[in-house]
Amino acid sequence: MSESTPLVLGIETSCDETGVGIVHGTELLVDAVASSVEEHARFGGVVPEVASRAHLEAMVPTIERACREAGVALADLDGIAVTSGPGLAGALMVGVASAKALSLALGVPLYGVNHLASHVAVDIVEHGPLPEPTMALLVSGGHSSLLLVPDVTHDIRSLGASIDDAAGEAFDKVARVLGLPFPGGPHIDRAAQVGQITIDFPRGLTSGRDMERHRFDFSFSGLKTAVSRWVEQQQRDGRDLPVADVAASFQEAVVDVLTRKAVLACTEHDVAALQVGGGVAANSRLRAMAQERCEAAGIALRVPRPGLCTDNGAMVASLGAQMMLKARPVSALDLPADSSMPVTDVQSGLPVTVDHDHPH
Amino acid sequence: MLLALDTSTSAITVAVLGLDGGLLAEQTVIDPRATTEQLAPLIERALREADATPGDITLVAVGTGPGPFTGLRVGIVTGRSFAHARSIPVLGVPSHDAMAQQWFFGGAEGTVLVATDARRKEVYTSVYDRVAPEDEDHLIWARTAGPEVRRPQDLPEHWRGLPTLGRGPHLYPDHLPQSVGPLDVSAAALGGVALARYHVGEDQPTEPLYLRRPDAADPGRPASTLRGEGGPPAPKGRP
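Residues numbered from 1 in each chain as written. Chains lettered and ligands numbered in written order. Predicted model: local features only at pLDDT ≥ 70, side-chain atom pairs only at ≥ 80, totals over all residues. Heavy atoms only, no water.

- Per an unreviewed UniProt entry, chain B goes by the name tRNA threonylcarbamoyl adenosine modification protein YeaZ and belongs to Marihabitans asiaticum.

- By the naming in an unreviewed UniProt entry, chain A goes by tRNA N6-adenosine threonylcarbamoyltransferase and is assigned to Marihabitans asiaticum.
- On record in UniProt, under Subcellular location (unreviewed entry), the comment for chain A is "Cytoplasm". (UniProt positions renumbered as here; feature names shortened; annotations may be inferred.)

Next up, the structure:
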């Protein structure tokens, strides 16, 4: 292999996207994704068994497509990286088993990496080397985390996370209340664009006392309930539901808290760069407000293109390539899939750095 | 050489065979909850025991179940991915066929029932008969029923009295009294079935034999927040 530009294939199967990406050092060659989201839509959320079945069917065809589109033969690869957690256990196992088989059959090293760390590392192929440290705000259907990242290959510290629903989950649930389809994020974003912010929904964990105990944590469960109550009251009173206004007001409440705490974390920890990732990073209001508030605070904002914010294999390949460049240890073939892998474990089976003041 | 593996029963089992059917190595552990961890190291060990490298493997055979879904998928995706990486064919074998092969190859005659654990108080079943093959390339048995899934007490009376392979009789001795043969799949036998079918040009798809639809319920209407009604259980959130 060329020392400065390892050719790495990354596999991501932690939820409902079968992702296979290939990077050459810090250059993205391909990002192939097969999604089972439409199969889940009628259930209003991801059904683990449906996702696992879809991963098995899509795994090898997606690897094949990625190689074809990148013009890469599997035999040319220098390494294989795979999301080994956190995520849906049965879904993770499909990707982990496939990655091991590739590693074994091709005789190249295997790197089992953390899903959340990969969401941070993907920006390297988009915007170049990560400033060290970087602050990362990861917001998706399963995660809402604020991470201080001195080194994405082995030192990630959790400053806070959602104590109940993830931000994307709140979007899904509120969309259902408003009669909008799953997944809720894009539909609420679209509806909000023609709505007005007319309702002052609560901002979770922002009161004085909460800012002491849960300074960088989030809570969206109360907000979701407040929206449901408001909607039901309207219906009970026989009034038409102003869907666009509710969507805009709800979205504003989520985005306000996310950006306020992210910027505060940067300021207090003296970090000059904020990266926003995860599926919710595709939200147009989140991007706009983050831009506005980062500019005002003198913080450089980095947001990958929407296709690299949602789950994908390129982010895993990007982190794998960084692992190789920094000569991090290789994962063993008995690597487990760890559905509740803590974000502080960038790589499976390695020593853990835990920020004991912030137990997340 | 052929690499054979199966993860549909309590055994995680891997074998390396010559293309003439001769067994070069077999590695098995009984640990149905650790398929993801154990399978790849077992393949590595079997290759070493056979004094082979991945490049020596020209065919892969994988058990397609039925069996508990999570472990089954780990085996199938491993077989498919290994074969894809080496650009070689991957052959699927219904896992019960491997148990029948082992049984009749040992000299047994007549009819045999395979009953393996399907969890949820059910068993996966297949029925096999000893047959006279057309020639020595063909298998010496034929599947006459199954695989299917049902409660052991719902099996036809005349099946329940048959000599039975698999863990079914150990789990449900009242309904399946005649335990006779192997409890779990052997990859060596699975490889033998795959090779026999390969040599006569039979199609061997690797689609998993789930035999059950995924558990999933339509969520219906959102639960009311005003009256505190309980709604139906929501699907798991996205991690």
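**Overview of the packing of aromatic side chains**
We describe a pair of aromatic rings using the distance from one ring centre to the other and the angle between the two ring planes.
Consideration 1: Inspection of every chain in the model, using the stated rule, returns 4 aromatic pairs over all chains.
Consideration 2: Here Phe218 of chain A and Phe220 of chain A contribute two aromatic rings whose centre-to-centre distance is 6.1 Å and whose plane-to-plane angle is 15°, an arrangement assigned as stacked. The exposure classification of Phe218 of chain A matches that of Phe220 of chain A, with both residues buried.
Consideration 3: Ring centres of Phe69 of chain B and Tyr210 of chain B lie 5.1 Å apart, and the angle between their planes is 85°; on these two criteria the pair is classed as edge-to-face. Within this pair, whereas Phe69 of chain B is found in helix 2 (residues 69-86), its partner Tyr210 of chain B is found in the segment after helix 6 (187-199), the two being separated by 141 residues in sequence.
Consideration 4: In this structure, Arg53 of chain A packs its charged tip against the face of Phe69 of chain B, placed 4.8 Å from the ring centre. (Phe/Tyr/Trp six-rings, centres within 6.5 Å; stacked < 30°, edge-to-face > 60°. Buried < 20%, exposed > 50% of the residue type's maximum accessible area, 1.4 Å probe, protein only. Helix = DSSP H or I, 4+ residues; strand = E, 2+ residues; numbered from the N terminus. Lys NZ or Arg CZ within 6 Å of the ring centre and 35° of its normal.)

**Here's the deal with the domain arrangement of chain A**
Residues and elements named next belong to chain A.
Consideration 1: Domains assigned within chain A are domain 1 (7-122 + 312-348) and domain 2 (132-304).
Consideration 2: Using only C-alpha atoms to locate each centre, domain 1 and domain 2 end up separated by 27 Å.
Consideration 3: Contacts between domain 1 and domain 2 engage 22 residues on the former and 19 residues on the latter.
Consideration 4: Both sides together, the interface formed by domain 1 and domain 2 hides about 1,600 Å², and carbon and sulfur atoms give 72% of it. (Domains from an automatic or database assignment. Contact = heavy atoms within 4.5 Å. Buried area = accessible area lost by both parts, 1.4 Å probe.)

**Topic: the pattern of salt bridges**
Side chains that differ in charge, positive against negative, can pair when their charged atoms come close.
Residues and elements named next belong to chain A.
Consideration 1: Summed over all chains, the structure comprises 30 salt bridges over all chains.
Consideration 2: Across the pair Arg215 and Glu268 runs a salt bridge whose closest N-O atoms are separated by 2.5 Å. One end of the pair, Arg215, is in the loop between helix 8 (208-213) and helix 9 (221-236); the other, Glu268, is in helix 10 (residues 243-268), and 53 residues separate them in sequence.
Consideration 3: The exposure class assigned to Glu268 is partly exposed, which follows from its relative accessible area of 40%. (Salt bridge = Lys/Arg side-chain N within 4 Å of Asp/Glu carboxyl O.)

**Quick look at the side chain of Lys100 of chain A**
Consideration 1: Secondary-structure assignment places Lys100 of chain A in helix 3 (residues 89-106).
Consideration 2: Buried within the structure, Lys100 of chain A lacks any salt-bridge partner; its nearest side chain of opposite charge belongs to Glu37 of chain B, at an N-O separation of 6.0 Å. (Lys, Arg positive; Asp, Glu negative; His and termini not counted.)

**A few points about the domain arrangement of chain B**
Residue and element names in this part refer to chain B.
Consideration 1: Each domain of chain B was delimited in the assignment, giving domain 1 (2-95 + 185-199) and domain 2 (96-171).
Consideration 2: Inter-centroid distance (C-alpha atoms) of domain 1 to domain 2 is 21 Å.
Consideration 3: With 20 residues of domain 1 at the interface, the matching set in domain 2 holds 16 residues.
Consideration 4: Taking both partners together, domain 1 and domain 2 bury about 1,400 Å²; carbon and sulfur atoms supply 63% of that area.
Consideration 5: The largest share of the area that domain 1 buries against domain 2 comes from Pro66, Pro68 and Val193, three residues that together contribute 30% of it.
Consideration 6: At the surface where domain 1 touches domain 2, the tally comes to 1 salt bridge.
Consideration 7: Of the charged contacts in the structure, one is a salt bridge between Asp97 and Arg197, with a shortest N-O distance of 2.9 Å.
Consideration 8: Where domain 1 touches domain 2, the interface holds 6 residue pairs in polar contact (both at pLDDT 80 or more).
Consideration 9: With 6 residues, helix 6 is the largest single contributor of residues to the side of domain 1 that touches domain 2. (Polar contact = N/O pair within 3.5 Å; in protein donor to acceptor, adjacent residues only side chain to side chain.)

**Re the UniProt feature "binding site: substrate" (unreviewed entry) in chain A**
Residue and element names in this part refer to chain A.
Consideration 1: UniProt records the feature "binding site: substrate" (unreviewed entry) at Leu138, Val139, Ser140, Gly141, Gly142, Asp172, Gly185, Asp189 and Asn283, using the numbering of this structure.
Consideration 2: Engagement of the side chain of Ser140 in a polar contact is seen with the backbone nitrogen of Gly142, the distance being 3.2 Å.
Consideration 3: Among the secondary structure elements, Asp189 is positioned in helix 7 (residues 184-192).
Consideration 4: Judged by relative accessible area, which is 9%, Asp189 ranks as buried.
Consideration 5: Sequence-distant contacts of Asp189, defined by excluding residues within four places in its chain, comprise Gln251, Ala282, Asn283, Ser284 and Arg285.

**Topic: the interface of chain A and chain B**
Consideration 1: Contacts between chain A and chain B engage 55 residues on the former and 44 residues on the latter.
Consideration 2: Interface area for chain A against chain B, summed over the two sides, is near 4,200 Å², with a carbon-plus-sulfur share of 66%.
Consideration 3: The tally of links from chain A across to chain B stands at 2 salt bridges.
Consideration 4: Of all the elements in the fold, those that place two or more residues in the side of chain A that touches chain B are helix 2 (48-70), helix 3, helix 6 (167-177) and helix 9 of chain A.
Consideration 5: Ranked by residues supplied to the side of chain A that touches chain B, first place goes to helix 3 of chain A with 12 residues.
Consideration 6: A class-by-class count of the residues in the side of chain A that touches chain B yields 28 nonpolar, 14 polar and 13 charged. (Nonpolar A, V, L, I, M, F, W, Y, C, P; charged D, E, K, R; others polar.)

**Focus on the sheet that holds strand 5 (residues 90-93) of chain B**
All names here are of chain B.
Consideration 1: Spatial ordering of the open sheet is given by 3-2-1-4-5, a layout of 5 strands whose pairing is mixed. Each having just a single partner strand, strand 3 (23-30) and strand 5 make up the two edges of the open sheet. Between one strand axis and the next, the sheet turns through 15° on average, direction left out of account.
Consideration 2: Relative to strand 2 (residues 11-17), strand 1 (residues 2-6) runs antiparallel, the two sharing 5 bridges. Residue pairing for strand 2: Ala4 is matched across the bridge by Ala15. (Pairing = 2+ DSSP bridges. Axes fitted to C-alpha atoms, helices over the stretch in contact; angles between N-to-C directions.)

**A few points about the confidence of the model for chain B**
Consideration 1: Mean pLDDT for chain B: 91, with 90% of residues reaching 70 or above.
Consideration 2: In this model, residues 226-239 of chain B is a region of pLDDT below 50 whose contacts with residues beyond four sequence positions or in other chains number 34 contacts. (pLDDT = per-residue confidence, 0-100.)

**Brief notes about the packing of helix 3 of chain A against helix 1 (residues 35-49) of chain B**
Consideration 1: Between helix 3 of chain A and helix 1 of chain B, whose axes approach to 10 Å, the crossing angle comes to 15°. Classified by the angle between their axes, helix 3 of chain A and helix 1 of chain B sit roughly parallel to one another. By crossing handedness, the relation of helix 3 of chain A to helix 1 of chain B is classed as right-handed. Residue-level inspection shows Met93, Val96, Lys100 and Leu104 of chain A of helix 3 of chain A in contact with helix 1 of chain B, the latter providing Thr36, Glu37, Ala40, Ile43 and Glu44 of chain B. (Parallel < 35°, antiparallel > 145°, perpendicular 65-115°, else oblique. Left-handed = near helix turned anticlockwise from the far one by under 90°.)

**Description of the nonpolar core**
Consideration 1: Residues Leu9, Ile22, Ile63, Leu74, Leu77, Ile80 and Leu102 of chain A are the most contacted members of the largest nonpolar core, which totals 62 residues.
Consideration 2: When residues in this core are grouped by element, the largest group, 11 residues, is from helix 3 of chain A.
Consideration 3: Leaving out residues up to four positions away in the same chain, Ile63 of chain A has contacts with Leu9, Ile11, Val20, Leu74, Ser98 and Leu102 of chain A together with His84 of chain B.
Consideration 4: Of all hydrophobic cores here, the second largest spans 49 residues; its members include Met135, Phe218, Val227 and Val263 of chain A. (Core = buried A, V, L, I, M, F, W, Y, C linked by side-chain atoms within 4.5 Å.)

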